[in-house]
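Residue-level structure breakdown
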Amino acid sequence: MTDNYSYPQQPQPPQHQPYDAGVYPPPPSHQPAPPPPRAKAKRPVALIAAVAIAAAVIGGGASALVQQLTDGNTGSSGSAVPGTTVAQSSKGTVASVAQAVSPSIVEISATSSAGQSTGSGVIITADGEIITNNHVVAGADSVKVRLSTGKTYTAKVVGTDPGKDLALIKLEGASGLKAAALGDSSKVAVGDEVVAIGSPEGLTGTVTSGIVSALNRDVTVAKEQDPGQQQNPRQGWPFEFGGQQFNGDAGSSKTTYKAIQTDASLNPGNSGGALINMNGEIIGINSAMYSPSSATGSTAGSVGLGFAIPVNTVKADLDDLRSGGNS
């Protein structure tokens, strides 16, 4: 039998409304605990403070370490002979090069029975080895060297190479001298800025500047002096270039070498001195310069035509010069 009785509708329990955080905050256990306020911000602040304190205590050492880590060019000078250095902050200025290298440049006075000649030289060892031109000391009976400080030494000729117009002399009783840094002349380019230091007209430590005008110039100079004549310090050493003679006749005994040409002002007495790049490295030994002896007044002096023996030629010849060279 079918039951047609209709049961009354049972009341439904009230539905929960969505949680409104502003009205019904849930129990604490229902929400993850937030991180401590600004906890992450405190660590870097403390770390920065600690670094600042350490830097203040260490001073220049800390900044030097940072510079070495960030600047890949500060770790090596690239010089063949340690000695002169130009401060990183002032590289590229004539003043900084002059300050760094001038103590390594000397004035040379060579005396023989025929007279006296004056030139320059470059200190390459702390105990007084000096590179100069062969024509500065050729035929000399005695050699005197004056440092940039004014102190004077007697020197002996160790070895000569007339074919390259190079000579090595050694100071007697010297020590603790500032040796020049020898660079790499194969890296020299036309247009590079250069500094020349020497003793033109006996004016010790004269600094001039210019650029590299040309490379691999064929320069011809006399191998030996005429026994009957001594170089006059106020006349240039005779040389030939481009089929022309300058500063007189170079004679019959000649030698030709590849030279760096520069427009840096060179005058008689600069022979044997240094041609220097802007890092304070020797790139050449000044050896020949055109100085018109007939010029007077405003036309006298350097005309921007000078030549230097590449320093790589010097370095390749050092062992032979130390063993006596070619006399």
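Values in this document were obtained by computation on a predicted structure and should not be read as measured data.

Focus on the overall build of the chain
For the chain, the count of helices and strands is 5 helices and 15 strands. Residues classed as buried in the chain amount to 40% of the 327 residues present. Pairs at least 24 apart in sequence give 67% of the contacts found in the chain among residues at least 6 apart. Of the roughly 17900 Å² of accessible surface on the chain, a fraction of 53% belongs to carbon and sulfur atoms.

Digging into the nonpolar core
For soluble globular proteins, the rule of thumb is that nonpolar side chains tend to be buried together. Among the nonpolar cores identified, the biggest contains 31 residues, and Val101, Val122, Ile131, Val219, Ile276 and Ile282 are the most heavily contacted of them. For Val122, the contacting residues outside a window of four places in its chain are Ser104, Ile105, Glu129, Ile130, Ile131, Ala180, Gly272, Gly273, Ala274, Ile282 and Ile285. Grouped together as the second largest cluster of nonpolar side chains are 16 residues, Val136, Tyr153, Ala155 and Ala167 included.

Topic: the environment of Gln99
Take Gln99: it is sitting in helix 3 (residues 94-101). Judged by relative accessible area, which is 64%, Gln99 ranks as exposed. Along the primary structure Gln99 and Gly280 are separated by 181 residues, whereas in three dimensions their C-alpha atoms are 9.3 Å apart.

Observations regarding helix 5 (residues 311-322)
Owing to its 3.6 residues per turn, the α-helix brings residues three or four apart onto one side. With 12 residues, helix 5 ought to run about 16 Å at 1.5 Å a step, and its terminal C-alpha atoms sit 16 Å apart, in line with that. The inward-facing, buried residues of helix 5 abut strand 3 (129-132), strand 5 (152-161), strand 6 (166-171), strand 7 (181-182), strand 14 (281-289) and strand 15 (306-310). A positive phi of about 115° marks Gly324, the residue just after helix 5.

Describing helix 3
Looking at helix 3, one finds that the buried residues are Ser96, Val97, Ala98, Ala100 and Val101. As for helix 3, its buried residues are in contact with strand 1 (105-112), strand 8 (193-198), strand 9 (206-222), strand 13 (274-276) and strand 14.

Things to note about the sheet that holds strand 1
In space, the 6 strands of this closed barrel follow the order 1-2-3-6-5-4, with antiparallel pairing throughout. Geometrically, the sheet is characterised by an average inter-axis angle of 40° between neighbouring strands, direction not taken into account. Of the pairings in the sheet, the one linking strand 4 (residues 142-146) to strand 5 comprises 4 bridges and is antiparallel in character. Within the sheet, the bridge partner assigned to Val145 lies in strand 5 and is Tyr153.

Focus: unusual backbone geometry
Trans is the prevailing form of peptide bonds, just as negative phi is the prevailing case for residues other than glycine. The phi dihedral of Asp165 is positive, around 55°, even though this residue is not glycine. The exposure class of Asp165 is buried, given its relative accessible area of 0%. Even without being a glycine, Glu201 presents a positive backbone phi close to 55°. Here Glu201 lies in the loop between strand 8 and strand 9.

Structural notes on the pairing of strand 1
Summarising burial for strand 1: 7 of the 8 residues are buried, a large majority. Bridge count between strand 1 and strand 2 (residues 115-123): 8 bridges; the pairing is antiparallel. For Ile108, the partnering residue across the bridge sits in strand 2 and is Gly119. Relative to strand 4, strand 1 runs antiparallel, the two sharing 5 bridges. Residue Ala110 lies in a different strand from strand 4, and its bridge partner there is Val143.

Brief notes about the confidence of the model for the chain
Mean pLDDT over the chain stands at 76; residues scoring 70 or higher make up 61%. In this model residues 19-23 is a low-confidence stretch, pLDDT under 50, and it forms 3 contacts with partners more than four residues away in sequence or in other chains. Here residues 294-300 is a poorly scored stretch, pLDDT under 50, and it has 2 contacts once near neighbours within four places are set aside; other chains count.

Here we look at the pattern of salt bridges
Following the criterion strictly, the structure yields 5 salt bridges and no others. Glu107 serves as the salt-bridge partner of Arg146, at 3.3 Å between the closest nitrogen and oxygen. Of the two residues, Arg146 sits in strand 4 while Glu107 sits in strand 1, which places them 39 residues apart along the sequence. The partner of Lys164 in a salt bridge is Asp161, and the shortest N-O contact between them spans 3.5 Å. The partly exposed category is assigned to Lys164, whose relative accessible area is 32%. Residue Asp161 is classed as buried on the basis of its relative accessible area, which comes to 7%.

Here we look at the environment of Val221
By the secondary structure assignment, Val221 is in strand 9. By relative accessible area, Val221 is classed as buried at 0%. Along the primary structure Val221 and Thr255 are separated by 34 residues, whereas in three dimensions their C-alpha atoms are 5.6 Å apart.

Analysis parameters
Residues numbered from 1 in each chain as written. Predicted model: local features only at pLDDT ≥ 70, side-chain atom pairs only at ≥ 80, totals over all residues. Heavy atoms only, no water. Helix = DSSP H or I, 4+ residues; strand = E, 2+ residues; numbered from the N terminus. Buried < 20%, exposed > 50% of the residue type's maximum accessible area, 1.4 Å probe, protein only. Contact = heavy atoms within 4.5 Å. Areas by Shrake-Rupley, 256 points an atom, 1.4 Å probe, with all protein chains shown as cover. Core = buried A, V, L, I, M, F, W, Y, C linked by side-chain atoms within 4.5 Å. Expected span 1.5 Å × (residues − 1). Pairing = 2+ DSSP bridges. Axes fitted to C-alpha atoms, helices over the stretch in contact; angles between N-to-C directions. pLDDT = per-residue confidence, 0-100. Salt bridge = Lys/Arg side-chain N within 4 Å of Asp/Glu carboxyl O.

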